[in-house]
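Summary of structural features
Chain by chain, the residues run as shown.
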Amino acid sequence: MQVPATFFGMVLGLGGLGNGWRTAARLGLAPGVVGEALALASVLVWAAWLGFYALRWFHDRDRVLAEARDPTGAFFASLVPTATMIAAIALAPHWPAPAWAMALAGLAGGTLFAAWGIGSLWMGGRAPEATTPILYMPTVGGGFVAAMTCAAFGMKDLGLLFFGAGLLSWLTMESVVVHRLILRTLPVSLRASLGLHLAPPAVACVAYLAVTDGPPDRLAQILFGYALLHALVTLRMVPWLREQPFAPGAWAYTFGVSALPLAALRLTERGLDGPSAALALPLFAAANLIIGWIALRTLALLVRGRLVSG
């Protein structure tokens, strides 16, 4: 099976939704078994795609290397270490030793990939058409997930370093990406990448809560507010986004979709009342419906033998 790196986005969506169910269970709002089942599913999907992706390196290395050199899609490869960290968090309560090894591999791989990828950007020569939300993945998505991973394994001080790297990378890169979106419309084939633009503020809020203690402060609430704005803007663009036919790339939306209710639930768990608490359950229900729909459409493609080409 010719599994592309983009398939690891499924791990992020399932793992994020599983963490939402785990948090809801701690709040007494949902049964704990659902969160654990989703966590296990994310680990199994990660293991399956990792195996298939490794086989591609042995049997189709030229195509994999060509994807790694593609100026638009090369950063998708950073999903591999990021998904490894998400799977490690999911597995940690049940099998801590392998989860710890996975976390270390993800942290090391993600850091090295981020340094390599951003170093390539800083050397210049990039066409405006290749500037898309995919650029967020190594440092922004990778940095925030690394922060959550460190916190899950009792290394909050190290997690703060990764959070800082992710936060400042996001703040400096967002203006570049938005400038491109305003001036040059995304082609239909790349519109699902806007799901990656939806994710950073919500994931940042979750990561910040992971590496800090006590009642949520103003920064956590500010990040959540910006995440809500991103969600509303994405809703406004749904008819335009749906011009792209459904494909597994739709999982790009699920990291942000799962992170938004997770942020609200974590804010509530830490003692914050008000708008975020009132929105937590409606957002959580909506995330389950959206990700469930994407999962069912993906399974339908698999049954019809159309999940991947080749």
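Within each chain, residue numbers correspond to sequence positions counted from 1 in written order. Reporting in this predicted model follows two pLDDT cut-offs: at least 70 for local features of residues, and 80 or more for side-chain atom pairs to be given and counted; totals over whole chains, interfaces and linings ignore these cut-offs and use all residues. Where side-chain values are given, they derive from all heavy atoms of the structure, hydrogens and water being excluded.

Considerations on the environment of R61
The numbering of helices and of strands both runs from the N terminus, where a helix is a DSSP run of H or I of at least 4 residues and a strand a run of E of at least 2. In this structure, R61 sits in helix α3 (residues 61–69). The spatial distance from the C-alpha of R61 to the C-alpha of L161 is 34 Å, given a sequence separation of 100 residues.

Some thoughts on the packing of aromatic side chains
Only Phe, Tyr and Trp rings are paired, with Trp represented by its six-membered ring, and only when their centres lie within 6.5 Å; those with planes under 30 degrees apart are stacked, over 60 edge-to-face, the remainder tilted. Under the definition given, this model contains twelve aromatic pairs. Where F8 meets Y53, the ring centres are 5.8 Å apart and the plane angle is 85 degrees; that geometry is what we call edge-to-face. Taken together, the residues span a long stretch of sequence, with F8 in the segment before α1 (9–26) and Y53 in helix α2 (residues 32–59) at a distance of 45 residues. One exposure class covers both F8 and Y53, and it is buried. Aromatic ring contacts, followed pair by pair, group F144, F163, W170, Y208 and Y226 into a single cluster. The side chain of R297 reaches across the aromatic face of F246, ending 4.5 Å from its centre. Relative accessible area decides the class of each residue, using a 1.4 Å probe on protein chains only: under 20% of the type maximum gives buried, over 50% gives exposed, and in between gives partly exposed. Charge-over-ring contacts are defined here by two conditions on Lys NZ or Arg CZ: a distance within 6 Å of the ring centre and an angle within 35 degrees of the ring normal.

Some words on a positive patch on the surface
What goes into a patch is any residue over 30% in relative accessible area without a salt bridge, connected to like charges within 9 Å or, for nonpolar side chains (Val, Leu, Ile, Met, Phe, Trp, Tyr), within 5 Å. Each accessible area value is a Shrake-Rupley result obtained with a 1.4 Å probe; residue values ignore everything except the protein chains displayed when judging cover. For this document, the term salt bridge refers to a Lys or Arg side-chain nitrogen within 4 Å of an Asp or Glu carboxyl oxygen. Within this scheme the basic residues Lys and Arg register as positive and the acidic residues Asp and Glu register as negative, but His and the chain ends are omitted. In this description, the location of a charge corresponds to atom NZ of lysine, CZ of arginine, CG of aspartate or CD of glutamate. A surface patch of positive charge is lined by R242, R297, R304 and R306. Tracing the backbone shows R297 in helix α12 (residues 275–303). Judged by its relative accessible area of 35%, R297 falls in the partly exposed class.

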